[in-house]
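# Fold and contact review
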Amino acid sequence: EPPLIRIGAPAHDRTKPYIPQFLAARSGFGRLAELMGEYGTKALYEIHTGTLAVTCSRALELLRDLDPQRIGAIYDVPNMVRVGLEDTRMGMEILGSYLAHVHIGNGLLVNRDRDEHGQQQWSWEFCELREGVADIPQIVQDLHDLRYGGYVSLEQFGPGDDDRKVKEEGDYLRALAQHMG
């Protein structure tokens, strides 16, 4: 399998109509897939907040009919949880052969001050895998059930010691994976 390269995801400009932006990005990904074939490389679209494809369903529409050997998607739990995580198994099945990498992390919705109109403000914060909105054991089970054989990266940018996070969160993920397998 060719080396993997994460590419920048096109941002959604809320001041412009969505469909023309989406179609332009789709055209660009088509050209990119051709270029990846020339270099024997695979480009990965990270499903990410603020982009034109923030769910598995939208990512599939973005990549549909492109060669999954040349372009794929990063299933990014901490980003997708912020926009409404689709049923995890359904999302993985929707991506199908485009599922090329997984970022595991979790987040919590935190209550902030009200704005000048009195509207309650909220923000997302990274948290330990066991503490957030995403059901990490279910995600690991779904990856196992679908025989996912690619890489899984821990994505935990919250406060705390990185070495501790990698060890403790890594141990937790390994224990879940061993339990499933």
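Now for a look at the structure at hand. (Residues numbered from 1 in each chain as written. Predicted model: local features only at pLDDT ≥ 70, side-chain atom pairs only at ≥ 80, totals over all residues. Heavy atoms only, no water.)

So, on to helix α2 (residues 56-63). Every buried residue of α2 is accounted for by C56, A59, L60, L62 and L63. One side of α2 carries all its buried residues, which in axial view fall inside an arc of 160°. In the segment just after α2, D65 is the residue with positive phi, at about 70°. (Buried < 20%, exposed > 50% of the residue type's maximum accessible area, 1.4 Å probe, protein only. Helix = DSSP H or I, 4+ residues; strand = E, 2+ residues; numbered from the N terminus. Arc of directions from axis to C-beta.)

In this section: the layout of surface pockets. By volume, the largest pocket is sized at about 240 Å³. Broken down by secondary-structure element, the contributors of at least two residues to the lining of the largest pocket are α5 (136-145) and α6 (162-180). Counting residues per element, the lining of the largest pocket draws most heavily on α6, at five residues. Tallied by class, residues from the lining of the largest pocket come to eight nonpolar, three polar and one charged. (1 Å grid on protein atoms, 1.4 Å probe; cavity = no way out; pocket = protein on both sides within 12 Å on 5 of 7 lines; lining within 4 Å. Points joined across faces, edges and corners; volume = space filled by probe spheres on them. Nonpolar A, V, L, I, M, F, W, Y, C, P; charged D, E, K, R; others polar.)

Where α2 meets helix α4 (residues 88-95), the axes come as close as 9 Å, and the angle between the chain directions of the two elements is 5°. Relative to α4, the element α2 is oriented roughly parallel. Contacts between α2 and α4 involve C56, S57, A59 and L60 on the former and, on the latter, G91, I94 and L95. (Axes fitted to C-alpha atoms, helices over the stretch in contact; angles between N-to-C directions. Parallel < 35°, antiparallel > 145°, perpendicular 65-115°, else oblique. Contact = heavy atoms within 4.5 Å.)

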